[in-house]
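# Inside the fold
Letter by letter, the chains look like this.
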Amino acid sequence: MIYSYFPGCTLKAKAQDLDTYGRKAAEALGVTLEEIPEWQCCGAVYQQATDEIATKLSSVRALNAAKEKGQPLVTICSACHHVIKRVNEDMKENEDMILRANNYLKFDEPYHGETEVIHYLEMLRDKIGFDKIKEAVVNPLKGKKIAAYYGCLLLRPSKVMQFDDPENPTIIEDFIKAIGAEPVVYPFRNECCGGYQTITDKDQSDRFANKVIDSAKMKGAEMIITACPLCLYNLKQNTRDIPVVYFTELLAEALGVKEQEG
Amino acid sequence: MQRIGVFVCWCGSNIAATVDVDRVVEAVKTDPNVVHAENYQYMCSEAGQKLIRDAITEHQLTGIVVCSCSPRMHEQTFRKTAEAAGLNQYMVEIANIREQCSWIHKDKDEGTEKAIILARAAIAKVCLNAPLQPGQSKVVKRALIIGGGIAGIQSAIDIADAGYKVDIVERTPTIGGKMAQLDKTFPTLDCASCIVTPKMVECAQHPNITIYAYSEVEEVKGFVGNFNVKIRKKARYVDETKCTGCAVCTEKCPSRKGRNEFNCGLDTRGAVYIPFAQAIPNVATIDATNCLHFKTGKCGICAKNCSANAIDFEQKDEIFEEQYGAIVVATGYQISDVTKFDEYQYTKHPDVVTSLELERLMNAAGPSKGVLVKPSDGKHPHDIVFIQCVGSRDISGRGKCYCSKICCMYTAKHAMLIREKYPDVNVHVFYIDVRTPGKNFDEFYRRAVEQYNVDYIKGMVGKVYENEKGGLTVQAVDLISNERVMLDTDMVVLAAAIEPSDGVKHIASMLTASIDTNNFLTEAHPKLRPVESPTAGVFLSGVCQGPKDIPETVSQAGAAAVKVVGLLAKDYLVTNPCTAHTDETMCNGCSSCERVCPYGAISYIDKEVMDKGVREVRRIAQVNGALCQGCGACTVACPSGAMDLKGFSNKQIMAEVDAICK
Amino acid sequence: MNNEKALAEEVVSFSGTNPRNCMKCGKCSATCPTFEEMDLHPHEFVSYLASGRIEKLLQSKTIYKCLSCFACVERCPRGVEPSRLIEAVRDSVVGQKGADYLSPDRIPERLDPDLPQQAITAAFRKYKK
């Protein structure tokens, strides 16, 4: 299986683990992730205003690059996934956006949302299958109680994201089971970590992160995993006694490829 | 040459404001078949009808066209008018220039032009009309009630009391429905089972009522006055005629994993069970999916312990047929799926329950014997939060767009009952609006607030989560003070939206009765015919038509019964003469018409036919005029044009189309 | 029509959502994680804009407190999507000349070695034009 891959800025800098382990694990599972050439930052925020276009063009370029290769586009970072998925939805439905974006970008052939955007976790669930991953696991993380932290961007708005049940998601829990560990379900797994306030109001994001951590600990979690660099940062900043790691790191560990040369 | 009269109605300003009625009259007068045309303010009034009668006599009219409102409104009126003047009633055509013209146009010129076109089409058709004579069909004096809740029970008793036979078909093992599950009823707080079980007994004992419990309607054929219904009696694996309801088998059964439906799954039951002590019929039922005998071939403890020898593992579903003159749909409701609203943790925390589950927790015959306890640990709660409108008034796609109507009142009831019985328990109700129209309803709700100190907080709850004490925290906003509310509580009760029972869609399609986008059955007229379906002979009782409480359900059940009795009191019904017939020389015996006929009115016979001088035996379609309802499906399906409909012949339709396209 | 009403209507129109679908249940505010930090709350944004009032919203610090976590969007029973309205008001404020909420000068003092790039990018997207 060969997929186009959009790593995004953070995965090239502060969240290299998320990227490196993701690539290693994919390879171990027989998936080739082809990084889109000359991709540009997604902008980290999806602008909701109906007349907004400029901030969405970089996503359209990435989407069109995947379309030209005839490959689904895989993302890992929650923010990139959120932005690119929503822009793609706009490129399917919003006539005004379709017209203006295509007029501006002038591709060989207009882009109409043809690319399938999937998050790495969706690739594991829908393309590879958690039962296949279970078979490929060489170091099952037996007995480890792991809490999935979803945050906001993967799940909501569910009408567009179509990622999982927004109030009762199971995809990361199923992933945790597949790598042999025990999922811990806790009430704040789909509440906000305060992410976007990190720069402007750190106290606030700290308070939110603590709520998430306390909620996970209350249910007996020994570790928290996430797909979002900013969530990871906020949670890590506020805890010393419980590790917070990227899901790709655990996957690489379970598949026995964590220490391999990348 | 026909002599046609055209009568254009103003309908006050309803038509006249958007259609120039004088111009319509002038325009139709140019038609060579029209010998008279006039307009009048209200053609349906006695004065208007007199104009028509006089014109028929004076101008010796052979047919009339009335340009007015929808034929659903006044076709009958004008047909009677024509008959009174000696004109066959099928020589009347209505041009609908109100609903299909004046009401939807703003521009008078456009409206007028369209009205003229519609009038011309009707004139073209009436010129080809022929006098028809209606026939008669016999009325079967027996009614079928689908659903044995309080709605079905009340309709059955009222019809039976009027002297007609009634059968109740109920898909669960007992009648009684949701009402039998309730603890107390608002606004009088009388015990639900104390008032519903006597009615259940009355049904069982009534000489005119037969109960088919654990049965389902399988197929419906026929038409008003003469429905032919197949009913499936599902295998209970217990001989109803032998079982005494002693319940020994239910106690001895070693399989205890069946979901106890009557207690909303709050506890389990044996594989052989009687839903509750007052069940009617009071006989056991074996649930084969949980029964060890059906799973392993062994066990059989129930059979060994049954002194009446009633257990019958070999029993099979039985299908039988019965004729009915009328059918009452009383399929009721179910609680909608609250798992979609998991911000309230219903699937995650056992102490988050629905209101119906709370009814069982408070009921003396419930899983906790009427002692209110937390499902998680069986301990007494000290604080309870009620959340209103969960899934009601919701257009996001998760819930129902309508108000479920009963929740405000039953929540006030729950709150009051809890405060009365357990004064130490704090009760909070988060509401959006408190809706209490009804006799003594608002007084009831106010009593909860003023006398019982129930804490009503305006604002929907945003999130419920488990706190470090293992209890629940409710996150909300008090919209009156505009302040955050964070409430630690022991139980959360969700007033979940109600929705029509699943299966109602299937029933509706069997009955060709229409349902709305929420699966509620549609009334023939929302105000004037609220208990009748648009399908003749099908009546509506209870929540299958829309959310309603018990008093309203009982009133509607009685109203539906009166309509049924009115129908069954007739020996014969006048049948529609606009039925299909075959041109024998054109029919090629292909059976297309037979396949599409929804009434089973078409059969085939071998008949000697004289065609172009040749006499031969051919297979041709024959229409049973008593069964045919004139729907016209066969005329469209017929590939050779042999099928035609009296009063709506292919020729007439083409003449209308030609007139419109001219 | 006065200026305030016209501006309110313009902002609503490019928000892409309709505040008149609101039934005033307050669930947006009830579910909002940052309610306590706000001077005017999500339900008030909806209510103000539905009645053509915007002046107070333009002054409100709420527009910088909304987390874009979409909890209100997901849980609103009426599909109103309050976060769109808050964002639309914020856009109309920071879109004015000299009205940036976040200036690049303020960034260095907030940087720490682990802070992901996405936080900085997002902050500029939201608070500066």
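Per chain, the residues get numbers from 1 upward, laid out in the order the sequence is written. Chain letters start at A and ligand numbers start at 1, both assigned in the order the entries are written. At least 70 in pLDDT is required for a residue's local features to be given in this predicted model, at least 80 for side-chain atom pairs to be given and counted, and no such filter applies to totals for whole chains, interfaces and linings, which use all residues. Each side-chain value is worked out from all heavy atoms of the structure, with water and hydrogens disregarded.

### Let's talk about the overall build of chain C
A count of helices and strands for chain C gives eight helices and zero strands. Only DSSP runs of H or I with at least four residues qualify as helices, and only runs of E with at least two residues qualify as strands; both kinds are numbered from the N terminus onward. Counting from the amino terminus, chain C carries its helices and strands in the arrangement α-α-α-α-α-α-α-α. Expected size for 129 residues packed as a compact globule is a radius of gyration near 14 Å; at 15 Å, chain C falls within 12% of this value. Reported as C-alpha extents along the three principal axes, the dimensions of chain C are approximately 45 × 30 × 25 Å. Counting all 129 residues of chain C, 59% fall into the buried class. In chain C, of all internal contacts separated by at least 6 residues, the share reaching a separation of at least 24 is 68%. As displayed, chain C offers around 5200 Å² of accessible surface, 48% of which is attributable to carbon and sulfur atoms. Charge separation in chain C, taken as the distance between the mean sites of 19 positive and 17 negative side-chain charges, equals 4 Å. The quantity called the radius of gyration is restricted to C-alpha atoms. Its globule counterpart is 2.2 Å times the number of residues to the power 0.38. Burial classification: accessible surface area is computed with a 1.4 Å probe over protein chains only, and a residue below 20% of its type maximum counts as buried, one above 50% as exposed, and the rest as partly exposed. Whether two residues are in contact is decided by their heavy atoms: any pair within 4.5 Å suffices. Reported accessibility uses the Shrake-Rupley method at a 1.4 Å probe radius. Residues are deemed covered only where the shown protein chains occlude them. Under the counting rule used here, the positive set is Lys and Arg, the negative set is Asp and Glu, and His together with the chain ends is not counted. A charged residue contributes its charge at one atom only: NZ of Lys, CZ of Arg, CG of Asp or CD of Glu.

### As for the overall build of chain B
For chain B, the helix and strand inventory stands at 19 helices and 34 strands. With the C-alpha coordinates of chain B rotated into their principal frame, the extents come out at 90 × 65 × 40 Å. Expressed as a percentage of its 662 residues, the buried residues of chain B come to 56%. Taking contacts inside chain B between residues at least 6 apart in sequence as the whole, the part at least 24 apart equals 68%. Entry remark: accessible area of chain B is about 28600 Å², with carbon and sulfur atoms responsible for 51%. Both charge centroids of chain B, one from 74 positive and one from 78 negative side chains, sit 3 Å from each other.

### Description of the state of the cysteines
All names here are of chain B. Here, two cysteine sulfur atoms that lie within 2.5 Å of each other are counted as a disulfide. Scanning the entire structure with this criterion turns up one disulfide over all chains. Here Cys191 connects covalently by a disulfide to Cys194, the sulfurs 2.3 Å from one another. What sets the handedness of the Cys191 and Cys194 disulfide is the S-S torsion sign, and at about 85° it is right-handed. The partly exposed category is assigned to Cys191, whose relative accessible area is 22%.

### A look at the interface of chain A and chain C
Taken together, the contact pairs 45 residues of chain A with 42 residues of chain C. The quantity reported as buried area is the accessible area (1.4 Å probe) lost by two parts once they are put together, taken as the sum for both. Here chain A and chain C share an interface that buries about 3700 Å² over both sides, 54% of which is from carbon and sulfur atoms. Looking only at chain A, the three residues that lose the most surface to chain C are Gln48, Tyr196 and Ile199 of chain A, adding up to 21% of its buried area. For this analysis, a salt bridge means a side-chain nitrogen from Lys or Arg found within 4 Å of a carboxyl oxygen belonging to Asp or Glu. Inspection of the region where chain A meets chain C yields four salt bridges. Of the charged contacts, one joins Glu37 of chain C and Arg207 of chain A as a salt bridge, the two residues approaching to 2.3 Å between their closest N and O atoms. Contacts described as polar in this section are N or O atom pairs within 3.5 Å, which, within protein, must combine one atom able to donate a hydrogen with one able to accept it, while residues neighboring in sequence count only if both atoms come from side chains. Connecting chain A to chain C are 18 residue pairs in polar contact (both at pLDDT 80 or more). Considering every element that reaches the side of chain A that touches chain C, the biggest residue donor is helix H11 (residues 229-237) of chain A, with four residues.

### Structural notes on the packing of helix H3 (residues 57-69) of chain A against helix H4 (residues 78-93) of chain A
All names here are of chain A. Here H3 crosses H4 at 80°, and the two axes come no closer than 9 Å. By the criterion of interaxial angle, the relationship of H3 to H4 is roughly perpendicular. Contact residues: Ser59, Val60 and Leu63 in H3; Val83, Ile84, Val87, Asn88 and Met91 in H4. Ten residue types, Ala, Val, Leu, Ile, Met, Phe, Trp, Tyr, Cys and Pro, are classed as nonpolar, four, Asp, Glu, Lys and Arg, as charged, and the remainder, Gly among them, as polar. When its residues are assigned to classes, the contact of H3 with H4 shows six nonpolar, two polar and no charged. Helix axes are fitted to C-alpha atoms over the stretch in contact, other axes to C-alpha atoms as well, and angles between N-to-C directions run from 0 to 180 degrees. Note on terminology: angles under 35 degrees are roughly parallel, angles over 145 are roughly antiparallel, angles of 65 to 115 are roughly perpendicular, and the others are oblique.

### A few points about the pattern of salt bridges
Throughout the structure, instances matching the rule amount to 64 salt bridges over all chains. The shortest N-O distance in the salt bridge between Asp183 of chain B and Lys184 of chain B comes to 3.8 Å. Taking relative accessible area as the criterion, Asp183 of chain B reaches 10% and is therefore assigned buried. Overlapping salt bridges, with partners in common, bring together Glu167 and Glu191 of chain A, Glu343, Arg398 and Lys463 of chain B together with Lys27 and Arg75 of chain C in one network.

### With respect to the interface of chain C and chain B
With 22 residues of chain C at the interface, the matching set in chain B holds 21 residues. The contact between chain C and chain B buries some 1700 Å² in all, and 52% of this surface belongs to carbon and sulfur atoms. Of all residues in chain C, the largest losses of buried area upon contact with chain B belong to Met23, Lys27 and Ala30 of chain C, amounting jointly to 29% of the total for that side. At the junction of chain C and chain B, the tally comes to two salt bridges. Measuring nitrogen to oxygen at the nearest pair gives 2.7 Å for the salt bridge that ties Glu343 of chain B to Lys27 of chain C. Connecting chain C to chain B are 13 residue pairs in polar contact (both at pLDDT 80 or more). When contributions to the side of chain C that touches chain B are tallied by element, the ones reaching two or more residues are helix H2 (27-31), helix H3 (42-50) and helix H5 (71-75) of chain C. In terms of residue count, H2 of chain C provides more of the side of chain C that touches chain B than any other element does, four residues in total.

As far as function goes, none of this settles anything; it's purely spatial.
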